[in-house]
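Architecture and fold: a report
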Amino acid sequence: MSDRQERMLDLLARSDRPMTAAELSERLGVTPRSVRNYVSAINSDGRELVQSGSDGYRIDAAAYAGLRSEIAVASTAPGGRVARLLRMLTDRSDGIDVFQAAEEFHISESTLEGDLTKARARLDGTGLALRRTASTVVLEGTETARRRLIGALFREESFRDILGIEAIQLAFPTARLGEFKTDLIERLEGAGATINEYGLSNVLLHISIAVDRVRRHHQLEAAGPAVSADDNAAMLAELVATHFDVRLDGEDLAYLSYLVRSRVATEAPRADASAAGLLRPEDVAALRAIVVRAGGEFLVDLDDEEFLVRLALHVRNLVARAATSSYSRNPLTGSIKSGYPMTYELAVYIARELQETRGIRINDDEIAYIAMHVGALVEQRRKRDDDAVGATIVSPAYYDLHLAVLQRISAMFPTDLVVESLVTRTDIDWSRLDGDIVISTVEPPVATDRVVVVAPFVSDVDAERIRSAIARTRRVRRRARLTQELTQYFDERLFFRNLGMRDPEAMIRLLGERMAATGVIDQAYIDGAIDRERLSSTAFTEGLAVPHALAMTAARTTIAIVLDEQPMDWAGTGVNVVAFIAFSESDRARFQSVFDQFVEVFSERSAVQSLLRDAVDFPSFITALVHVMES
């Protein structure tokens, strides 16, 4: 199941009403046709997970719960069995007997031997190892490493890395975890903290693991992470004792309070954060310089004091996490990369600057958290007027009914729609009406996509049809602009098929060298593209990688394109299309829209497949590309 299909299921599962194809397409950044294709693919196994009706799509809650259960448990499959075997080994200090374990799993001894081989491979890099004496196998390693393994195994079995309380409670004996979470949030907010709900989910997992291990008499060793207890330690000790009847010792409390401080609770942003001792003035000044440079590079206004303070408080905790390589997981990383690539790119720039100035490493999950801060400000400031759709309203005069239609539509779409004229006659030339769309209370002589027919009282169903027309118009407009811009960036000398390369950096070097031979870029740009790739994979969606440098130093904006029928492993993502982009300084203003929309076009698997099928040479590639963008 693709990432966008999973995102669609998430949207439907959280919605308390049916959602139309237009709503889903706008939220996912795809076409309504793609939404219908997603539904067909999801329902292809016959379980009809997504149900459709006249009012839109809804999810079958029972079928969805079944799917999550299948993904979360899957304990009889080989991969799930290996996880169970490792979990058994973490719980039994004296080890397991391979013959008894085979009986417990209802498998042959030879099958269990194969599972042990897979288990040894899974332990690489964890600090744990298997030691065998005759038929006894023992897991060796520290308690800290064991707990990390338990958490990793749980996440691997969880649905989309979104850790639900129900799933944690099923895996660990923490029946009152929901009440514990409520009390924890109340205490933290009472102390003036703001809560990171995504980070909290992961910390609840750590707390549940700690409770389970202490109940089994596995204490955290004193040689654990170099952290000290804080004011949260006593509060956590009290809540854990109250809800789980477990007494945690100093090492556990110190570590868990550190997790709460660095991943969950951040002091509420204040304009005098530096004066209050929450932030060091020199850290704020350094971050301000980074943000100013980022805004200048990407032509985005990031001059906002509240944003800076929020980001500074986040960076303070990020630096603390990075110092111990204890990064905060972000379940939205994939969605942010594929849905908001330009915002993610801006976050990559900030992350790079922080890495250089603070001497730390920042992973994709942490970059996505920075993108959430940046995206909130950019979205808040984004001007929608330029994206507004012009409309003519046709509503024959009858008392003040035509004015009521105008007022209701204007109120429904205050920023998305600009009413250019109100026509109150029926003897009109429909072809000469102003606007991108026509909203009419009467049927036109000839039905067209441009005309949306609504009732004189404009119902919610009518509003959905108007919203769908607005989304369709915007998409056609964006794609038309993109088609015009993109086609001038391609060069027949930089079009390739089936290169068969298997290393991303080698691919970047090859495409960079070919582009350099045309005089577009130099070696410094190629090195910059490799440095950018090492910061975070440029496989923004399944099927597409867009390697590039952060510096816009190309002589002219150019795209080298590779189509490969066999997907290439690009940092864990299979890609069939590689687009090496070199932007020039003169195209800086266009970078954001072109980059976002380019990723959006190729996020649809059908678009990638069409290109692979139809683009056999450069002329057919341009034809196929235009067709994909206009469809």
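Anyway, here's the lowdown on the structure attached to this text. Model, not experiment: these values are computed from the prediction. (Residues numbered from 1 in each chain as written. Predicted model: local features only at pLDDT ≥ 70, side-chain atom pairs only at ≥ 80, totals over all residues. Heavy atoms only, no water.)

**Remarks on the overall build of the protein**
A count of helices and strands for the protein gives 25 helices and 15 strands. In terms of C-alpha radius of gyration, the protein reaches 28 Å, essentially the compact-globule figure of 25 Å for 631 residues. Expressed along its principal axes, the backbone C-alpha trace of the protein runs to roughly 90 × 65 × 60 Å. Looking at the protein as a whole, 52% of its 631 residues are labelled buried. Long-range contacts, defined here as pairs at least 24 residues apart, represent 71% of the contacts in the protein between residues at least 6 apart. Surface summary for the protein: the accessible area is close to 28500 Å², and the carbon and sulfur share equals 50%. Taking the 74 positively charged and 94 negatively charged side chains of the protein as two groups, their mean positions are separated by 1 Å. (Helix = DSSP H or I, 4+ residues; strand = E, 2+ residues; numbered from the N terminus. Rg over C-alpha atoms; globule rule 2.2 N^0.38 Å. Buried < 20%, exposed > 50% of the residue type's maximum accessible area, 1.4 Å probe, protein only. Contact = heavy atoms within 4.5 Å. Areas by Shrake-Rupley, 256 points an atom, 1.4 Å probe, with all protein chains shown as cover. Lys, Arg positive; Asp, Glu negative; His and termini not counted. Charge placed at Lys NZ, Arg CZ, Asp CG, Glu CD.)

**Examining the nonpolar core**
In terms of nonpolar packing, the biggest core is built from 75 residues, with L302, F490 and F621 touching the most fellow members. Once you skip the residues sitting within four places of it in the chain, F490 turns out to touch I559, I561, F598, F618, F621, I622 and L625. Residues L177, L200, V214 and L253 belong to the second largest nonpolar core, which totals 36 residues. (Core = buried A, V, L, I, M, F, W, Y, C linked by side-chain atoms within 4.5 Å.)

**Things to note about the packing of aromatic side chains**
A complete count under the given rule lists 12 aromatic pairs for this structure. With centroids separated by 5.3 Å and ring planes inclined at 35 degrees, the aromatic side chains of F180 and F244 adopt a geometry described as tilted. One end of the pair, F180, is in helix α10 (residues 177–190); the other, F244, is in helix α12 (residues 231–244), with 64 residues separating them in the sequence. Here F180 matches F244 in class, with each residue buried. Between the aromatic rings of F490 and F621, the centroid separation amounts to 5.1 Å while the plane-to-plane angle is 85 degrees, which identifies the pairing as edge-to-face. Pair noted here: F490 is in strand β12 (residues 490–497) and F621 is in helix α25 (residues 618–630), with a separation of 131 residues, a long-range link. Note on accessibility: F490 and F621 belong to one class, buried. For the cation-ring pair, K337 lies above F540, with the distance from its terminal atom to the ring centre recorded as 5.7 Å. (Phe/Tyr/Trp six-rings, centres within 6.5 Å; stacked < 30°, edge-to-face > 60°. Lys NZ or Arg CZ within 6 Å of the ring centre and 35° of its normal.)

**Observations regarding the sheet that holds strand β9 (residues 417–423)**
Strand order in the open sheet formed by four strands is β9-β8-β10-β11, and the pairing between neighbours is parallel. Two strands lie at the open edges of the sheet, namely β9 and β11 (451–453), each paired on one side alone. Going across the sheet, the axis of each strand differs from the next one's by a mean of 25 degrees, ignoring polarity. The strands touched by helix α19 (residues 401–412) within the sheet are β8 (389–394), β9 and β10 (437–440), with β9 carrying the most contacts at an inclination of about 170 degrees. Against the sheet, helix α20 (residues 460–486) engages β8, β9, β10 and β11, with an angle of about 170 degrees to β11. (Pairing = 2+ DSSP bridges. Axes fitted to C-alpha atoms, helices over the stretch in contact; angles between N-to-C directions.)

**Focus on helix α3 (residues 32–42)**
Among the residues of α3, S34, V35, Y38, V39 and I42 are the ones counted as buried. Axial view of α3: buried residues confined to an arc of 145 degrees, hence all on one face. (Arc of directions from axis to C-beta.)

**Examining the pairing of strand β4 (residues 129–133)**
By the bridge criterion, five bridges tie β4 to strand β5 (residues 136–140) in an arrangement that is antiparallel. Directly across from T133, in β5, lies its bridge partner T136. What sits between β4 and β5 in their antiparallel hairpin is a turn of two residues, with A134 showing a positive phi close to 55 degrees.

**Some remarks on unusual backbone geometry**
Positive phi values are uncommon outside glycine, yet A134 reaches one of about 55 degrees. Here A134 lies in the loop between β4 and β5. With phi around 55 degrees, A571 is a residue other than glycine that occupies positive phi space. Mapped onto the elements, A571 comes out in the loop between β14 (558–570) and β15 (573–582). Overall, A571 belongs to the exposed group, its relative accessible area being 60%.

**Thoughts on the sheet that holds β15**
Judged by pairing direction, the sheet is mixed, and its four strands sit side by side in the order β12-β14-β15-β13 without closing on themselves. Each edge of the open sheet carries a strand with a single partner, namely β12 and β13 (543–545). Across this sheet, the average inter-strand angle for adjacent strands is 20 degrees, counted without regard to direction.

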